[in-house]
Every structure is written in structure tokens, then in C-alpha cells.
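Chains, contacts and geometry: an overview
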Amino acid sequence: MIPSVTLTNIEQELGHLVVIISKFSHLPAGIFSTAEKKYMKEQVENLHQQIVSFNRLSYFVWVYFIKEEKDISKRLEATRKAGDQIAGTLNAQKAKRVAIFDAENDGDITLALAEGMALGCYQFLKYKKDRENENTLENIEIYSKVLEEEGDNTSKLNILLEAVCFCRDLVNEPNSFLTATLFAKEVEKMAEGSGVTTEVLDFEKIAALKMGGLLGVNQGSFEPPTFTILEWKPAGAINVKPVVFVGKGVVYDTGGMNLKPGDSMLTMKHDMAGAAAVAATIIAIAKANIPVHVVGLMPATDNRPGERALVSGDVITIHNGTTVEVLNTDAEGRLILADALSYAKNFNPELVIDLATLTGAAVRAIGKFGAAAMQSNAREALESLKSSGYHVYERLVEFPMWDEYGDQIKSDLADLKNLGPPEAGMITAGKFLEKFTSYPYIHLDIAGPAFNEKRDSYRALGGTGYGVRLLFEFVRRFVEGERVNG
Ligand code: BES
Ligand code: MN
Ligand code: ZN
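If you're wondering where the values come from, they're calculated on a predicted model, not measured in any experiment.

Residues other than glycine seldom take positive phi values, yet asparagine 105 does so here, at roughly 55°. Mapped onto the fold, asparagine 105 is located in the loop between β5 (97–102) and α3 (107–120). In this structure, asparagine 289 is a non-glycine residue whose phi angle is positive, near 55°. With respect to the secondary-structure elements, asparagine 289 resides in the loop between α9 (273–287) and β11 (294–303). For asparagine 289, a relative accessible area of 54% puts it in the exposed group.

Written out as C-alpha cells, the structure is:
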């Protein structure tokens, strides 16, 4: 469990406290002695500290100085990280609650501090008997005039935080638990009571729909595939045509017959991070009652080299009739996504965005600090997504969809092949997917930022939840009028 964030308007009895300010003159009266203020000044002005802590024996007081930084996004990110750092000390002290005093009257900064604190408390302990190091923080209480006036911001934040953690949990679950069937079940369970309608296509339905990509990848597995469909269609939706999110749900990627060598298979339980982010986001949008019609499509299977597994040179037929020569069974994500992107047409979408841990090439190109993005007929939407990403620090960088890359995945034997040349692998993968779209489309290759092998501040160890805060922010802006078509 991560802590929940609430507003408080009463002065609490003494306990752990964080004071947010930007200038010494804004320090609230009655908390600090003259000596403490002097010490604080020295820490901030001479030693360039942003967080100054005072150990009051039974509790701590921190003063967080908002970074002098013109770029608001960077200021928010520094604040989230400060929140994580403070939460670390609180948990080490076995603290259960902390108060944040917004002496600056800056709601965004205050919520960012709480966000970093809460997300920094995330742990995946399901398989641990020893709970010695379990985090203790349960409540983050905010005292802020401006947030008090604004209304229900904390309930939206709590919904979002819960969604990020749900996504992380799914990603961290090993394949020994999380089969395609269990993925669908966990999503259905989470969606209960949210107003989201759920439908899970089983093997027979997938076969009847001729989803040859998903069926092909699944051939080497002893577990059946699933195709989960989520829909949130509120009465007052601002859009007539839905926004459709598609997520790659490879619950484990061995590479298939093109078995992954060496250590490259170690983290492949996270190859469903796109599907997890889509599920978590749609459920959060519904729980927050955001008036937008959204659909989520999550094809899921593991990719294994079982007896009936695809072999190099096999030809499969995607849902829309396109034939694909499978030259590498480890390029499986694009095969199951092709079915889903083709299926998305049924919804007559205004925009489709897919999230997929698709290529090592994306990781090599930009590392883990963002996603590789491509668009076709969705220029404005991608600009909005970029600035949303910068705001929540789930950044993305655009790559081109030039025709020449598309020529590189033409096959002599079939319509397409699933393997391009060694260069620009994330782009040829994106071009492959584009072939199955007929609507404004954005592709996000999240292979870099979806998973951390080492803890990275509030982004945690293991699943990061990348995509949930990004899409939630994008949809929030979409509703507020940043129209996205064209
Ligand atoms: N799931 C992997 C991509 C991946 C790599 C995700 C590293 C996260 C971290 C994907 O299915 C894959 O194996 N891609 C191949 C494609 C290649 C065979 C064209 C790759 O990138 O090597
Ligand atoms: Mn693969
Ligand atoms: Zn994969």
C-alpha cells in the first residue's frame, strides 16, 4: 500500500512536518528559532541545499525550498524527487503520517511533493515473507489554502497514484503468476465498480476473429491467449468518436524459437507494461469520472518456443487479411499489435495511441529517460502528448515515419516481413504497425522507461508505471480543449 493524500484544515498536534517555501520571508511564524533560521540560511545560501531538516527528537521538520528554476516542469520534477527523499527518511523512522504545510500557496508544487512521496513508498512485497523493511507511511496530510479553495484535487491524485501502483504490480508479477488469462482477470477485478465495461475474448473468439498475429505468437505456448477490451463511455463525453489505447501484453518474452541469448531474457516479465499502463489509465479515467469516451485494447500471450511455435519463414495472416513473413520470432510484439490496431477500426476512433515495450533499438537510441514516439496524421495530438509528457516527466521524443523505412519491411513472399535491417529498428517497427492503421495514430515505444533494474527515485525498482501519468494528463488536457485531430 502507498500512502493516501488528504487535505486538512485543522492545526495538527506536533508531528512530522514539511514546510514548502520559496523565500525566507515566507517562513511561517512560530515554528523555527532564530538559531534554526540562521542554520537554514547557511544551508540554503552557502551549501545550496534545497531540503533542510530539523530533528526535533520525536518528529522531524523539513523545509523544502522550491528550486529557483524558470522551467515549471523541471521544478515539479525536482519537487517529486525531494518528496521521495523525505519519504525515505520518514519510512526509516517508521513514521505513519506526515503533514505538508504549503506556506507558498502553490498547489501544483504541493501536490508534486505529495506525489513523489507517495510513489516513492511503492514496494512489491507479495513474495516476501520477511517484511522487516516494509514502508510505514500511510497518510500525507496537506494544509494548503489554494488547494482547499480548488476542491477535490487530492481525490484525483489518489486515483492516479493507485493506478500507477496497479500498473507497477502487474509489471512486477512474474509469469509464474501472470499468464494472459490472469492478466485479464486482474484487470477485470480492478475495473469492478468503476463504470468501465470489460470484455475478454478467449481463444475461440480470437480464432473466430482470425487474429493470426496473436494466435501465431501464442502457438509455442501452453497457455491460451486473451484479448481484453475496456470501454469507458460516460453520458456527457466531450468526444463523439472514442480515443483508443492499445497496449502490448506479452506476459513473458523468451523470444520464441529465436530464443533470447544470455541475460537479455532476465527482465522480460515486463513485456506487458504497455497493456498494464492502458488498463490502469482507463480505469483511472473512469474512477475520476472524466467525461471522455475511451477504449482500451490489450492482446496478451507469452512468447515461447514450444512444440508448435512459429519458425523463421512462416507466414501468418493478420486480422485484416495482411500476410506477414515471420523472419524473427522475437519480433512478436508487432504481430499481436497488428491484430489489435486492425480491430481498433471497429470503434471508428478519433485517435489511437499504442504503448509497447517493442524494441531494443528504442532503448539504444534514447535510453530509459523517455519513450520513442512516432505519429501518422496525428501531429497536433503528438504535440499535446509531448507537452503532457514533459509536465509529468514521462517524456517522449519523436522519430520520423518516412516512407523509405516502410520499404524496408516489404517481403518477397508475403505482404510484409516482421524484420527490418539492423539500423533504426524502432522506426521500422513503427512503420510495420502503421500499415494496420487507417486513423490518426501515435505509436509509443516504451521499452526504455517501463522498467528499472535499479531504483530510480519515485519511479521505483522494477515496473515504473510509465504511461499512466502521461495518458491521464493527456486526457485531462484533451477534455480541457486541446483538440487533437489532424
Ligand atoms: N520485448 C522486446 C523488446 C525489448 C527489449 C523490450 C529490451 C524491453 C527491453 C521485443 O519483443 C524484441 O525482442 N524486439 C527485438 C526485435 C528484433 C528481433 C527485430 C529487439 O529489439 O531486439
Ligand atoms: Mn521479442
Ligand atoms: Zn517482446
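Before going further, it helps to examine α9. Here α9 is 15 residues long and its end C-alpha atoms lie 21 Å apart, about the 21 Å a rise of 1.5 Å per residue gives. Counting buried residues in α9 gives 14 out of 15 residues, a clear majority hidden from the surface. Looking one or two residues beyond α9, the residue adopting positive phi is asparagine 289, at roughly 55°.

Below, the discussion takes up the site of ligand 1. Neighbouring ligand 1 are 16 residues; Lys260, Asp271, Asp330, Glu332 and Gly360 lie closest to it. In this structure, aspartate 271 approaches ligand 1 through a side-chain N or O atom, which is 2.9 Å from a nitrogen atom. Its residues placed into classes, the shell around ligand 1 shows 4 nonpolar, 5 polar and 7 charged.

Here we come to a negative patch on the surface. Taken together, Asp108, Glu148, Glu149 and Glu150 make up a surface patch of like negative charges. At 3 residues, the largest contribution of residues to the negative patch is made by helix α4 (residues 145–150). Looking at the secondary structure, you find glutamate 148 in helix α4. With a relative accessible area of 37%, glutamate 148 lands in the partly exposed category.

Overall, the coordinates contain 12 aromatic pairs when judged by the stated rule. Arranged with centres 5.3 Å apart and planes meeting at 65°, the rings of phenylalanine 101 and tyrosine 143 form a pair that is edge-to-face. Here tyrosine 143 lies in strand β6 (residues 139–143) and phenylalanine 101 lies in strand β5, a separation of 42 residues in the sequence. Here tyrosine 143 falls in the partly exposed class, since its relative accessible area comes to 27%. Centre to centre, the rings of phenylalanine 432 and phenylalanine 436 are 5.4 Å apart; their planes meet at 45°, and the pair counts as tilted. With a relative accessible area of 0%, phenylalanine 432 lands in the buried category. A connected cluster of aromatic rings, assembled from ring pairs, spans Phe32, Tyr39 and Phe54. Directly above the aromatic system of phenylalanine 24 lies the positively charged group of lysine 41, at a separation of 4.7 Å from the ring centroid. Residue placement shows lysine 126 over the ring face of phenylalanine 177; its charged tip is 3.5 Å from the ring centre.

Take the state of the cysteines next. What the rule picks out here adds up to 0 disulfides. Left without a disulfide partner, cysteine 165 is nearest to the cysteine sulfur of cysteine 121, which lies 9.4 Å away. Accessibility expressed as a relative area gives 8% for cysteine 165, which makes it buried.

Looking at the manganese ion (ligand 2), one finds its protein donor set to be Asp253 (OD), Asp330 (O), Asp330 (OD) and Glu332 (OE), positioned 2.1 to 2.2 Å from the metal centre. Taken together, the 6 donor atoms surrounding the manganese ion (ligand 2) define angles of 71 to 171° at the centre, an arrangement classified as irregular. Counting residues between consecutive donors of the manganese ion (ligand 2) along the chain gives the motif D-x76-D-x1-E. Between the manganese ion (ligand 2) and the zinc ion (ligand 3), a spacing of 3.1 Å is present, and a bridge between the two is formed by aspartate 253. Judged by relative accessible area, which is 22%, aspartate 330 ranks as partly exposed. Overall, glutamate 332 belongs to the buried group, its relative accessible area being 1%.

Turning to the pattern of salt bridges, a few remarks are in order. Here the structure, examined in full by the defined rule, presents 28 salt bridges. In this structure, glutamate 398 and lysine 386 form a salt bridge, with 3.0 Å as the shortest nitrogen-oxygen distance. With glutamate 398 in strand β16 (residues 396–398) and lysine 386 in helix α12 (residues 379–392), this residue pair connects regions lying 12 residues apart in the sequence. What makes glutamate 398 partly exposed here is its relative accessible area of 25%. Salt-bridge contacts for aspartate 407 lead to lysine 410; the nearest nitrogen and oxygen are separated by 3.2 Å. When salt bridges that share partners are traced, they join Glu77, Arg80, Glu115, Glu394, Asp456, Arg459 and Arg469 into one network.

Okay, the pairing of strand β14 (residues 351–356) next. Burial of β14 is extensive: 6 of the 6 residues sit out of reach of the surface. Side chains of β14 alternate between two faces, with Leu351, Ile353 and Leu355 and Val352, Asp354 and Ala356 buried alike. When strand β9 (residues 243–247) meets β14, the two strands line up parallel, connected through 5 bridges. Counted as the bridge partner of glycine 247 is leucine 355 from β14. Pairing of β14 with strand β18 (residues 441–445), which is carried by 5 bridges, proceeds in the parallel orientation. Counterpart to valine 352 in the pairing with β18 is tyrosine 441.

Let's shift gears to the domain arrangement of the protein. Taken domain by domain, the protein consists of domain 1 (4–152) and domain 2 (158–479). Placing a centre on the C-alpha atoms of domain 1 and another on those of domain 2 gives a separation of 36 Å. Residue-level contacts link 19 residues of domain 1 with 21 residues of domain 2. Of all residues in domain 1, Leu119, Tyr122 and Phe124 give up the largest surface area on contact with domain 2, accounting jointly for 34% of the area buried on that side. Taken together, the connections running from domain 1 to domain 2 amount to 4 salt bridges. For arginine 459, the salt bridge is made with glutamate 77, and the minimal N-O distance between the two is 2.6 Å.

So, about the coordination of the zinc ion (ligand 3). Around the zinc ion (ligand 3), the donor atoms from the protein are Lys248 (NZ), Asp253 (OD), Asp271 (OD) and Glu332 (OE), and they sit 2.0 to 2.4 Å away. For the zinc ion (ligand 3), the 6 donor atoms are set out with angles of 78 to 176° between them, so the coordination reads as octahedral.

About the criteria used
- Residues numbered from 1 in each chain as written.
- Chains lettered and ligands numbered in written order.
- Predicted model: local features only at pLDDT ≥ 70, side-chain atom pairs only at ≥ 80, totals over all residues.
- Heavy atoms only, no water.
- Helix = DSSP H or I, 4+ residues; strand = E, 2+ residues; numbered from the N terminus.
- Buried < 20%, exposed > 50% of the residue type's maximum accessible area, 1.4 Å probe, protein only.
- Expected span 1.5 Å × (residues − 1).
- Near = heavy atom within 4 Å.
- Polar contact = N/O pair within 3.5 Å; in protein donor to acceptor, adjacent residues only side chain to side chain.
- Nonpolar A, V, L, I, M, F, W, Y, C, P; charged D, E, K, R; others polar.
- Patch = residues over 30% accessible without salt bridge, like charges linked within 9 Å, V, L, I, M, F, W, Y side chains within 5 Å.
- Areas by Shrake-Rupley, 256 points an atom, 1.4 Å probe, with all protein chains shown as cover.
- Salt bridge = Lys/Arg side-chain N within 4 Å of Asp/Glu carboxyl O.
- Lys, Arg positive; Asp, Glu negative; His and termini not counted.
- Charge placed at Lys NZ, Arg CZ, Asp CG, Glu CD.
- Phe/Tyr/Trp six-rings, centres within 6.5 Å; stacked < 30°, edge-to-face > 60°.
- Lys NZ or Arg CZ within 6 Å of the ring centre and 35° of its normal.
- Disulfide = S-S within 2.5 Å.
- Donors = N, O, S within 2.8 Å, 3.2 Å for Na, K, Ca; no water.
- Tetrahedral: all angles 85-135°; square planar, octahedral: opposite > 155°, others 65-115°.
- Pairing = 2+ DSSP bridges.
- Domains from an automatic or database assignment.
- Contact = heavy atoms within 4.5 Å.
- Buried area = accessible area lost by both parts, 1.4 Å probe.

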